[in-house]
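Read off the chains here:
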Amino acid sequence: MTRYLISFDDGAMTFPEEELPAVAEASHAVVREARDAGVWVFGGGLESQRASVVATDGTVTDGPYPETKAVLGGFSVIDVPSREDALKWAAKIAAACRCAQEVREIMPDATD
């Protein structure tokens, strides 16, 4: 099987705040379904904050600000037989979270 990263940008979830409980329940239902199907690896939402960037020499600096378009808002990692399967799970997550999802294949671990 192959692992896929399904993710969305911070700020992509633009529904009214009062709908958050329904979105959270729908999202948790998809996670339960993925766990039951044996494809769930890991996932979660990320706090909307600045990242810390650690350089190769160990120097730590503030990373991009949340206003930057390249800030990750949340992600799921699944392990499925094909890209088509990953796209089906991404569609379920997109519907639950009410925002578009990006799907990317994770390179195989050379130690496996």
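Structure first, text after, so check above.
Because the structure is predicted, anything quoted here is derived from the model rather than measured.

What counts as what
Residues numbered from 1 in each chain as written. Predicted model: local features only at pLDDT ≥ 70, side-chain atom pairs only at ≥ 80, totals over all residues. Heavy atoms only, no water. Core = buried A, V, L, I, M, F, W, Y, C linked by side-chain atoms within 4.5 Å. Buried < 20%, exposed > 50% of the residue type's maximum accessible area, 1.4 Å probe, protein only. Helix = DSSP H or I, 4+ residues; strand = E, 2+ residues; numbered from the N terminus. Contact = heavy atoms within 4.5 Å. Pairing = 2+ DSSP bridges. Axes fitted to C-alpha atoms, helices over the stretch in contact; angles between N-to-C directions. Parallel < 35°, antiparallel > 145°, perpendicular 65-115°, else oblique. Left-handed = near helix turned anticlockwise from the far one by under 90°. Nonpolar A, V, L, I, M, F, W, Y, C, P; charged D, E, K, R; others polar.

1. Examining the nonpolar core
Thinking step 1. The biggest cluster of nonpolar side chains holds 18 residues, and the ones touching the most others in it are Tyr 4, Ile 6, Ile 78, Val 80, Ala 86, Trp 89 and Val 103.
Thinking step 2. Listing elements by their share of this core, those giving two or more residues are β1 (2-9), α1 (20-37), β5 (72-80) and α2 (83-97).
Thinking step 3. The biggest single contributor to this core is α2, with six residues.
Thinking step 4. The residues contacting Val 80, other than those within four sequence positions of it, are Met 1, Thr 2, Tyr 4, Val 39, Asp 85, Ala 86 and Trp 89.

2. Quick look at the sheet that holds β5
Thinking step 1. If you trace the four strands from one edge of the open sheet to the other, you get β2-β5-β1-β6, paired in antiparallel fashion. With one partner strand each, in any of the chains shown, β2 (40-45) and β6 (102-105) form the two edges of the open sheet. For this sheet, the mean inter-axis angle between neighbouring strands, taken without regard to orientation, is 20°.
Thinking step 2. Two elements, β1 and β5, share eight bridges in a ladder whose sense is antiparallel.

3. A short note on the environment of Arg 98
Thinking step 1. Residue placement: Arg 98 occurs in the loop between α2 and β6.
Thinking step 2. Remark: the alpha-carbon pair of Arg 98 and Ala 12, spanning 86 residues in sequence, is separated by 8.5 Å.
Thinking step 3. If we ignore the near neighbours within four places in the chain, the residues touching Arg 98 are Ala 12, Phe 15, Glu 19, Ala 22, Val 23 and Ile 93.

4. Some remarks on the packing of α1 against α2
Thinking step 1. It is at 7 Å that the axes of α1 and α2 come closest, and there the two elements cross at 160°. Between α1 and α2, the angle falls in the class roughly antiparallel. As α1 packs across α2, the resulting crossing turns out to be right-handed. Residue-level inspection shows Val 23, Ala 26, Ser 27, Val 30, Glu 33, Ala 34 and Ala 37 of α1 in contact with α2, the latter providing Trp 89, Lys 92, Ile 93, Ala 96 and Cys 97.
Thinking step 2. Considered class by class, the residues forming the contact of α1 with α2 number nine nonpolar, one polar and two charged.

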